[in-house]
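Descriptive structure summary
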Amino acid sequence: MDSKDVEFVLPVEREDLKHDKKSKISKNKTILFIAVGLVVVILFVVFAFLLPDTINGSWELTVNPQVEKATADQIDDRERAYYTFEKSNRYGDGKWKTFYDGGVEEGDYKLSEKDGKKYINLGGEDLEYTIDGVKLFGKAKLTLIYPEYFNEETGEKTEAQTYVMEQSKAPKYDKESYDKYSVDDKLIGQWSTNERALSYFYYELPYVETLGFNDDGIMTIRYESEDLMLDRYMYYAYTAEKGKITFSLVTDKETKYTVGYEFDDKGNLKFIDDKTKNSIFSDAFFGDATYYKPEKMPKATPQQVSESVDASK
């Protein structure tokens, strides 16, 4: 036979067997998907129940022995307190923040273990803590125990107190601007003064107050003082127009304050006739102090502080 008359063809499937093969492939894929799903579920269970939960994340304080109404459904929104803990390093050191009524404070924490118990130090004494529930489900509870204290001088004993936090998202104070607001480009940025002080009996405790005016309608006031061991941010919604600012604490927008402002010949910021009495120290928010760009703020003299305190009274 002449080779050119021979037809070389690839093997072909019989039509009557194609359906059976497709069914087998489909069954194999289904089995594979089920197997992969089971592995995922098993790994999820391992992570959820076998691995230890960590303290990092956001929590709401729902049981507070120092508050009469301590259950979650009884606490007013303005009285709700939240804590966030950043992930600690290998030595147990980390950062924490607390959110309460429009204010934010931050500090360092330290984790440790002793006699099979876990402890956290937020800047004072070691507090025993436990985590119950599963964080992956968003249902975990963090319990902190303040230890019993005995005052040797008075002979009084304070019983141990238990605080409970539940997983929750921390509030976003920096997103709570007025629905409608105006901004003044001259105000935008940060302004600081060291002419403010808190009167405490016979002492004047100075602090640095830094204002931040953002173009998103949020104003911040930061209070810093080594003497007061204070570093606190307060968040306000504000609007600025025609030399006046109107502002409210982000957790109470219905209560509004209006204060005039102007700039001196050196470009520094001054507030006009500030009669408000609702700062965190129950005095005027801004007073008669001069606010400078932070890098241009001069060193405060005792006389400046005294004069500023007298003017705010």
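Each value, and the rule that gives it
Residues numbered from 1 in each chain as written. Predicted model: local features only at pLDDT ≥ 70, side-chain atom pairs only at ≥ 80, totals over all residues. Heavy atoms only, no water. Phe/Tyr/Trp six-rings, centres within 6.5 Å; stacked < 30°, edge-to-face > 60°. Buried < 20%, exposed > 50% of the residue type's maximum accessible area, 1.4 Å probe, protein only. Lys NZ or Arg CZ within 6 Å of the ring centre and 35° of its normal. Core = buried A, V, L, I, M, F, W, Y, C linked by side-chain atoms within 4.5 Å. Helix = DSSP H or I, 4+ residues; strand = E, 2+ residues; numbered from the N terminus. Contact = heavy atoms within 4.5 Å. pLDDT = per-residue confidence, 0-100. Pairing = 2+ DSSP bridges. Salt bridge = Lys/Arg side-chain N within 4 Å of Asp/Glu carboxyl O.

Some points on the packing of aromatic side chains
- For the structure on display, the rule yields 21 aromatic pairs.
- Arranged with centres 6.0 Å apart and planes meeting at 85°, the rings of Tyr 261 and Phe 263 form a pair that is edge-to-face.
- Residue Tyr 261 is classed as buried on the basis of its relative accessible area, which comes to 7%.
- Ring geometry for Phe 285 against Phe 286: centres 6.1 Å apart, planes inclined by 40°, an arrangement best described as tilted.
- Residue class for Phe 286 comes out buried when judged on its relative accessible area of 0%.
- Among the aromatic residues, those joined into a ring-pair cluster are Tyr 236, Phe 247, Tyr 257, Phe 271, Phe 285, Phe 286 and Tyr 291.
- The ring of Tyr 178 carries the charged tip of Lys 256 above its face, separated from the ring centre by 5.1 Å.

Here we look at the nonpolar core
- In terms of nonpolar packing, the biggest core is built from 26 residues, with Phe 213, Met 219, Ile 245, Phe 247, Leu 269, Phe 271 and Phe 286 touching the most fellow members.
- Within the residue set of this core, elements represented by two or more residues are strand S12 (203–213), strand S13 (218–225), strand S14 (230–241), strand S15 (244–249), strand S16 (257–263) and strand S17 (269–272).
- The dominant element in this core, judged by the number of residues it contributes, is S14, at five residues.
- In this view, Ile 245 contacts Leu 187, Phe 213, Met 219, Thr 239, Ala 240, Tyr 257, Thr 258, Val 259, Tyr 261, Phe 271 and Phe 286; residues no more than four positions away in its chain are not counted.
- By size, the runner-up hydrophobic cluster in this structure holds 18 residues, among which are Leu 61, Phe 85, Trp 96 and Ile 131.

Things to note about the confidence of the model for the protein
- Counting all residues, the mean pLDDT for the protein is 83, and 76% of those residues have values of 70 or more.
- Taken as a whole, residues 45–51 scores under 50 in pLDDT and shows seven contacts with residues more than four places along the chain or in a different chain.

Things to note about the pairing of strand S2 (residues 81–85)
- Counting buried positions along S2 yields five of five residues, so the element is predominantly enclosed.
- Every second residue of S2 is oriented toward a common face, with Ala 81, Tyr 83 and Phe 85 on one face and Tyr 82 and Thr 84 on the other, all of them buried.
- Note: strand S1 (residues 57–63) against S2, five bridges, orientation antiparallel. What sits directly across from Gly 57, in S2, is Phe 85.
- The sheet contact formed by S2 and strand S3 (residues 93–100) spans five bridges and is antiparallel. Residue pairing in the sheet places Ala 81 in a bridge with Tyr 100 of S3.

Quick look at unusual backbone geometry
- The residue Lys 242 is not glycine, and still its phi comes out positive at about 55°.
- Mapped onto the elements, Lys 242 comes out in the loop between S14 and S15.
- The class of Lys 242 is exposed, set by a relative accessible area of 80%.
- The backbone phi angle of Ser 282 is positive, close to 60°, even though this residue is not glycine.
- Here Ser 282 shows up in the loop between S17 and strand S18 (290–291).
- Exposure remark for Ser 282: the relative accessible area of 56% places this residue in the exposed category.

As for the pattern of salt bridges
- Within the structure shown, the criterion is met by 13 salt bridges.
- We note a salt bridge from Glu 105 to Arg 232, for which the minimum N-O separation is 2.7 Å. Separated by 127 residues along the polypeptide, Glu 105 in strand S4 (residues 103–114) and Arg 232 in strand S14 bring together distant segments of the chain.
- Note on Glu 105: relative accessible area 27%, which makes it partly exposed.
- Sharing partners across several salt bridges, the network here consists of Glu 148, Lys 157 and Glu 159.

Observations concerning the environment of Gln 66
- With respect to the helices and strands, the residue Gln 66 is situated in the loop between S1 and S2.
- C-alpha separation for the pair Gln 66 and Gln 161, spaced 95 residues apart in sequence, amounts to 9.2 Å.

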